[in-house]
Amino acid sequence: MNISEFIEKLEAEFDELEPGTLKPDTNFRDLDEWSSMHALIIIALIDTDYDVTITGDDLSSIETVSELYDIVAQRVA
Amino acid sequence: MAFFTVNKVAIKGIAAAVPSQIESNWDYDLLTDSEKKLLVKTTGVEERRRAPIGTTTSDLCFVAAQKLMSDLNWQPEEVSALVFVSQSSDYYLPATAIILQDRLGLSKSCLAFDIGLGCSGYVYGLSVLSSILSATGLKKALLMVGDVSTATCSYEDKSTYPLFGDAGTVTALEFSEAAKPMTFNLQSDGSGFEAIIIPHGGIRNRASRASFDKKEIDKGIVRADYNLALNGLEVFNFSIREVPQALKNFMEDTQSNTEDYDYFLMHQANKLMNETIRKKVKFEEAKVPYSMKKFGNTSSASIPLTLVTELREELQSKSLNLLMTGFGVGLSWGVSSIELDCIACPELIEL
């Protein structure tokens, strides 16, 4: 896995986002209309595609796309 | 481990009733248009049924039971057990099942009691009542399952209000030497009891004036302590962790696989959660019916309601092997496999 592929997957799930909006240093909370629904979508995506569990605590401890990517990369078997 | 098989009990029929009042999430004016779109896409819930004040879960179960008994040609005096599974009973006490015994004209020799479970309640209730019939040889029984959840959700809480709908169901069980076994695996994790909770009104936190004080928990989440509170992230993670694992263990223990089941019935929690579970256990989409689009999360009623609204024709004319799972409030979850052989299944009743 690599971060650009990871970003592509995230953008595909958030279908209100223009492709190319997400960058490694994008802060999730700066996105328009960021909501708890997006947190669920991220958890489901990462669980389904990488078999990695992301908790609510994980999400509150991070801000950017690359921080999320690092957690996933670390936990991928 | 609560893994067991119940023999000699057949399901003869299933019926469901919902309130006629439809509420659409497209009309939920606490959300912007794009929030509504995201809500519907993520939860899968577009419409829900809402019971008017004064209509109870038992009222919905009652009309469903009257219709089903008439279709099955069951006489009231033949029914020897009635179990009501709900977290929205008529009164704090007595148990609602006992009121239903009288209302349905059942005999005084009928045993009746309540079970207080939600999302896992159908699987649990089926295991309890079928076990009673199997162990005692009692002939006919009614399992009445449902909830009026809209009564306890705060309108200003976007994390609960758009999700839940009301429904009441009845399942008719009969002792039968020829019946195929029903298999169950039931699980609990009380460490998560606060994940879905109505904090006030029980004895731990007695109802007081403070129970009705509205508080802003988060943006778009305003509720009081007598309202339902839902920790969406925690429930989501619990469900996608425990439920697929429980299903995999169940299929291993029963030496079955997804091919052996005609349909896989899940508690209708929300679309994203259910689809994540479906993908993890690798059931094909065509085998996994959903009723949440039109009825929302109907708590313990969700599995029998989905059977009635989505599979009615086939249930009446075919023999179907079903895998079922209920999961949620408690935390509590269960898996069951049953065979339904040309059962009575009247059309959905609107009250």
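Above this text you will find the structure in question.
Residues numbered from 1 in each chain as written. Chains lettered and ligands numbered in written order. Predicted model: local features only at pLDDT ≥ 70, side-chain atom pairs only at ≥ 80, totals over all residues.

Description of the overall build of chain B
Counting secondary structure elements, chain B contains eight helices and 17 strands. Computed over the C-alpha atoms, the radius of gyration of chain B is 19 Å, within 12% of the 20 Å expected from 2.2 N^0.38 for a compact globule of 351 residues. Seen through its C-alpha atoms, chain B measures out along the principal axes to roughly 55 × 45 × 35 Å. Considering chain B as a whole, with its 351 residues, one finds that 51% of them fall into the buried category. Partitioning the intrachain contacts of chain B with sequence separation of at least 6 by distance along the chain shows that 79% fall at a separation of at least 24. (Helix = DSSP H or I, 4+ residues; strand = E, 2+ residues; numbered from the N terminus. Rg over C-alpha atoms; globule rule 2.2 N^0.38 Å. Buried ≥ 20, exposed ≤ 12 C-beta atoms within 10 Å, placed from the backbone. Contact = placed C-beta atoms within 7 Å.)

Things to note about the sheet that holds strand S2 (residues 9-18) of chain B
All names here are of chain B. Pairing is mixed in the open sheet, where six strands are placed in the order S6-S5-S7-S8-S2-S17. The sheet is open, and its two edges are formed by strand S6 (111-115) and strand S17 (349-350), each paired on a single side. Of the pairings in the sheet, the one linking strand S5 (residues 79-85) to S6 comprises five bridges and is parallel in character. Note on S6: the bridge partner recorded for Leu82 is Ala112. Helix H2 (residues 57-72) contacts S2, S5, strand S7 (140-147), strand S8 (167-175) and S17 of the sheet and is inclined by roughly 40 degrees relative to S8. Packing of helix H8 (residues 302-317) onto the sheet brings it into contact with S2, S7 and S8, and relative to S2 it is tilted by some 85 degrees. (Pairing = 2+ DSSP bridges. Axes fitted to C-alpha atoms, helices over the stretch in contact; angles between N-to-C directions.)

Observations concerning the nonpolar core
Counting residues in each nonpolar core, the largest one holds 112 residues, and the members touching the most others are Ala65(B), Leu82(B), Leu143(B), Met144(B) and Val170(B). Per element, the largest residue contribution to this core is nine residues, and it comes from helix H5 (residues 232-253) of chain B. Here Ala65(B) is in contact with Leu104(B), Leu142(B), Met144(B) and Val170(B), once residues within four sequence places are set aside. With five residues, the next largest nonpolar core counts Phe6(A), Leu10(A), Leu68(A) and Tyr69(A) among its residues. (Core = buried A, V, L, I, M, F, W, Y, C linked by C-beta atoms within 7 Å.)

Thoughts on the environment of Arg103(B)
All names here are of chain B. With respect to the helices, strands and loops of the structure, Arg103 is situated in helix H3 (residues 96-103). On the neighbour-count criterion, Arg103 (15 C-beta atoms within 10 Å) is partly exposed. In sequence terms Arg103 and Phe62 are 41 residues apart; their C-alpha atoms lie 8.0 Å from each other.

Points about the packing of H5(B) against helix H6 (residues 271-281) of chain B
Residues and elements named next belong to chain B. Interaxial distance between H5 and H6 falls to 9 Å at its minimum, and their mutual angle equals 30 degrees. The orientation of H5 with respect to H6, classified from their angle, is roughly parallel. The two elements H5 and H6 cross, and the hand of that crossing is right-handed. Facing Phe236, Ser239, Ile240, Val243, Pro244, Leu247 and Lys248 of H5, the residues of H6 in contact are Met273, Thr276, Ile277, Lys280 and Val281. For the contact of H5 with H6, the class distribution of residues is eight nonpolar, two polar and two charged. (Parallel < 35°, antiparallel > 145°, perpendicular 65-115°, else oblique. Left-handed = near helix turned anticlockwise from the far one by under 90°. Nonpolar A, V, L, I, M, F, W, Y, C, P; charged D, E, K, R; others polar.)

Considerations on helix H2 (residues 36-50) of chain A
In this model, H2(A) (15 residues) spans 21 Å end to end at C-alpha, consistent with the 21 Å of a helix rising 1.5 Å per residue. Those residues of H2(A) not exposed but buried are Met37(A), His38(A), Leu40(A), Ile42(A), Ile43(A), Ala44(A), Leu45(A), Ile46(A) and Asp47(A). Against the buried residues of H2(A) lie helix H1 (3-13) and helix H4 (65-75) of chain A together with helix H1 (33-43), H5 and H6 of chain B. At the C-terminal side of H2(A), Asp51(A) shows a positive phi close to 55 degrees. (Expected span 1.5 Å × (residues − 1).)

Details of the interface of chain B and chain A
With 15 residues of chain B at the interface, the matching set in chain A holds 15 residues. Elements supplying a minimum of two residues to the side of chain B that touches chain A: H1, H5 and H6 of chain B. In terms of residue count, the dominant contributor to the side of chain B that touches chain A is H5(B) (seven residues). Its residues assigned to classes, the side of chain B that touches chain A shows six nonpolar, five polar and four charged.

Points about the pairing of strand S16 (residues 332-341) of chain B
All names here are of chain B. Along S16, eight of the 10 residues are buried, which leaves the element largely enclosed by surrounding structure. As defined by bridge partners, strand S9 (residues 182-188) adjoins S16 across six bridges and the pair is classed as antiparallel. When the bridges of S16 are listed, Thr183 appears paired with Ser337. In the sheet, strand S15 (residues 319-328) pairs with S16 via 10 bridges, with the strands oriented antiparallel. Paired with Leu322 across the two strands is Ile338, which belongs to S16.

Function cannot be inferred from these measures alone, as they are strictly geometric.
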